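Structural overview for review
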Amino acid sequence: HWSRICERLKAEVGEVEYRTWLRQITVGPVEEDEITLYLPTRFLRDWVRGQYGDRLGTLWNAEVPAIRRVELQVARADTAPPAPEGEDAPVSAPAVAREKVVSMPAAPVVDEPRQAEVRTDLAAPLDPRFTFDTFVVGKPNEFAYACARRVAERPSSPGFNPLFLYGGVGLGKTHLMHAIGAELLREGRVSVAYMSAEKFMYRFIAAIRSQSTMEFKEQLRSVDVLMIDDLQFLIGKDNTQEEFFHTFNALVDAGRQIVVSADKSPSDLSGLEDRLRTRLGCGMVADIHATTFELRISILEAKASASGVVVPAKVLEFLAHKITSNVRELEGALNRLIAHANLFGRSVTLEATQDVLHDILKAHDRRVTIEEIQRKVAEHWNIRLTDMSSARRARAVARPRQVAMYLAKQLTSRSLPEIGRKFGNRDHTTVMHAVSRVTELMEQDPAFAEDVELLRRMLES
Ligand code: ADP
Ligand code: MG
């Protein structure tokens, strides 16, 4: 079980974070509904508890439903766990516990807080390509763009602090934040610090390890404009969230500007502390919508003309039709075409495009079918495929059927009536009900949510 959980954690948090914190965990005994996990130092124990405690609980529970709680204790893998507290503890207890611990694979013991480097320059490098000039404005992003411009012109204006930018992957959040930074630095009157939430966490960790949190705080609190990108990264990282919350308050109270980006609106960022979400929503909240065909064409035109390579309108239209999800991919495809044209001195044609972008285009053709979804879901809950369209209403088949409808809505572009038809000619209201029911259940039951997410990932890959 543990190695499966480790795999999941590694995939979720990334190799570096996993190795820094989670690989140090060793598994202790299970007692009733509680499992004990050991960490070699108190520092690690507290950190893991604060950042990953809830997640570990959920993962263990999903893996072994009988386990409902995770206890984190300090003990090195090569020594016994601390003796039970209280002098009446039975003499044999520590010995039993020791045996269990010793039989575990030895985990590397971390050195105590290492001297870590804390950089004094907080102004992170800004990508010089990400300016207001190179940002193509259209209906889906014009509001966010206007807000960003406004903040760059007059930071800390009432009503625009904090500025909260949100939207899907690759829609230009980072671009706009860098543009704000570049503009402010060009004026040269203010100090700007831009960093990803992930970087914020690592700097905070480094500061704790080198016992320089005071300096870290002072540095952060001395900037005029603080920009934190991809705040959703702080979900489940309670210690870092807490620190960010205090920094945030100190800056706003001192009349400094905060700019934050995330993939969801403040109210949808469940997993962030309520008081933080509330404060994030207090200034200006601007969303960047998915691109439209027109905007994709404008972006492609701008990038093509900047490159100096002639790309026929037909090719641009073809790309804008095919690659709809995110601007980064659209840009990547165009860049590859341009590189090809430059390298081989050939002109760009539709035929050449299909050839050069063969792999990218294939990936975008891939669509999950409702049949595939039904098959995977039926397999997962061990029910018959025919029950996806049968009239049976027993919970054991009705629930998986609802999940399949939910996933069909999420992963395909089929309409509700079309989906209903595929499930034994059910009405579209049945599908609608299934979608809201599953959404609700996912919110209430983390183990169920895990299952659904896992299925989604399997189907998407
Ligand atoms: P996000 O941070 O929202 O995931 P990015 O800001 O990193 O997205 O944008 C991804 C890529 O797409 C970047 O290279 C960026 O310059 C480009 N891009 C996104 N939106 C636009 C736009 N409206 N105009 C020009 N380039 C854009
Ligand atoms: Mg980004």
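The paragraphs below set out a description of the structure included in this document.

1. Observations regarding the packing of aromatic side chains
Overall, the coordinates contain 10 aromatic pairs when judged by the stated rule. Geometrically, the ring pair formed by Phe 132 and Tyr 145 is edge-to-face, given 5.7 Å between the ring centres and 90° between the ring planes. A residue pair is termed long-range when its members are at least 10 positions apart, and Phe 132 in the loop between helix H4 (92-102) and helix H5 (142-153) and Tyr 145 in helix H5 qualify at 13 residues. With respect to burial, Phe 132 and Tyr 145 carry one shared label: buried. Joined through ring pairs, the aromatic side chains of Trp 47, Phe 200, Phe 204, Phe 216, Phe 244 and Phe 248 make up one cluster. For Lys 237, the ring lying beneath its charged end belongs to Phe 233, and the centroid distance is 4.1 Å.

2. Overview of the sheet that holds strand S2 (residues 34-39)
Read from one edge to the other, the open sheet built from three strands follows the order S1-S2-S3, with strand pairing classed as mixed. Among the strands making up the open sheet, the edge pair consists of strand S1 (26-31) and strand S3 (69-74). In this sheet, adjacent strand axes meet at a mean angle of 25° when their direction is disregarded. By the bridge criterion, four bridges tie S1 to S2 in an arrangement that is antiparallel. Residue pairing in the sheet places Thr 26 in a bridge with Tyr 38 of S2. Strand contacts of helix H3 (residues 42-63): S1, S2 and S3, with the helix running at about 160° to S3, the strand carrying the most contacts.

3. Here we look at helix H19 (residues 428-444)
If you check H19, its first and last C-alpha atoms are 25 Å apart, about what 17 residues at 1.5 Å a residue would give, namely 24 Å. When H19 is considered as a whole, its buried residues turn out to be Val 431, Ala 434, Val 435, Val 438, Leu 441 and Met 442. Buried residues in H19, looked at end-on, bunch into an arc of 140°, giving them a common side. What points out from H19, more than 90 degrees from its buried face, is the exposed set Glu 443 and Gln 444.

4. Some details on the nonpolar core
The biggest cluster of nonpolar side chains holds 53 residues, and the ones touching the most others in it are Leu 22, Val 48, Tyr 52, Leu 56, Trp 60, Leu 231 and Phe 244. Ranked by residue count, the leading element in this core is H3, at seven residues. Looking at this core, you find at least three residues from each of domain 1 (2-82) and domain 2 (139-288). If sequence neighbours within four positions are ignored, Phe 244 has contacts with Phe 200, Ile 228, Leu 231, Leu 234, Val 260 and Leu 276.

5. Some details on the environment of Arg 209
As for its position among the elements, Arg 209 is in helix H7 (residues 197-209). Taking the C-alpha atoms as reference points, Arg 209 and Phe 43, 166 residues apart in sequence, are found 9.0 Å from one another.

6. Here's the deal with the site of ligand 1
Close to ligand 1 lie 18 residues, the nearest being Gly 170, Thr 174, His 175, Arg 328 and Glu 331. Contacts to ligand 1 include Gly 172, whose backbone N or O atom sits 3.1 Å from an oxygen atom. Thr 174 places a side-chain nitrogen or oxygen 2.7 Å from an oxygen atom of ligand 1. Elements represented by at least two residues in the shell around ligand 1 include exactly helix H6 (173-187), helix H11 (293-307) and helix H13 (327-344). For the shell around ligand 1, the per-class residue count stands at seven nonpolar, seven polar and four charged. Residues lining the shell around ligand 1 come from more than one domain, with at least three contributed by each of domain 2 (139-288) and domain 3 (293-364).

Procedures and definitions
- Residues numbered from 1 in each chain as written.
- Chains lettered and ligands numbered in written order.
- Predicted model: local features only at pLDDT ≥ 70, side-chain atom pairs only at ≥ 80, totals over all residues.
- Heavy atoms only, no water.
- Phe/Tyr/Trp six-rings, centres within 6.5 Å; stacked < 30°, edge-to-face > 60°.
- Helix = DSSP H or I, 4+ residues; strand = E, 2+ residues; numbered from the N terminus.
- Buried < 20%, exposed > 50% of the residue type's maximum accessible area, 1.4 Å probe, protein only.
- Lys NZ or Arg CZ within 6 Å of the ring centre and 35° of its normal.
- Pairing = 2+ DSSP bridges.
- Axes fitted to C-alpha atoms, helices over the stretch in contact; angles between N-to-C directions.
- Contact = heavy atoms within 4.5 Å.
- Expected span 1.5 Å × (residues − 1).
- Arc of directions from axis to C-beta.
- Core = buried A, V, L, I, M, F, W, Y, C linked by side-chain atoms within 4.5 Å.
- Domains from an automatic or database assignment.
- Near = heavy atom within 4 Å.
- Polar contact = N/O pair within 3.5 Å; in protein donor to acceptor, adjacent residues only side chain to side chain.
- Nonpolar A, V, L, I, M, F, W, Y, C, P; charged D, E, K, R; others polar.

Interpretation in functional terms is not warranted from these geometric data alone.
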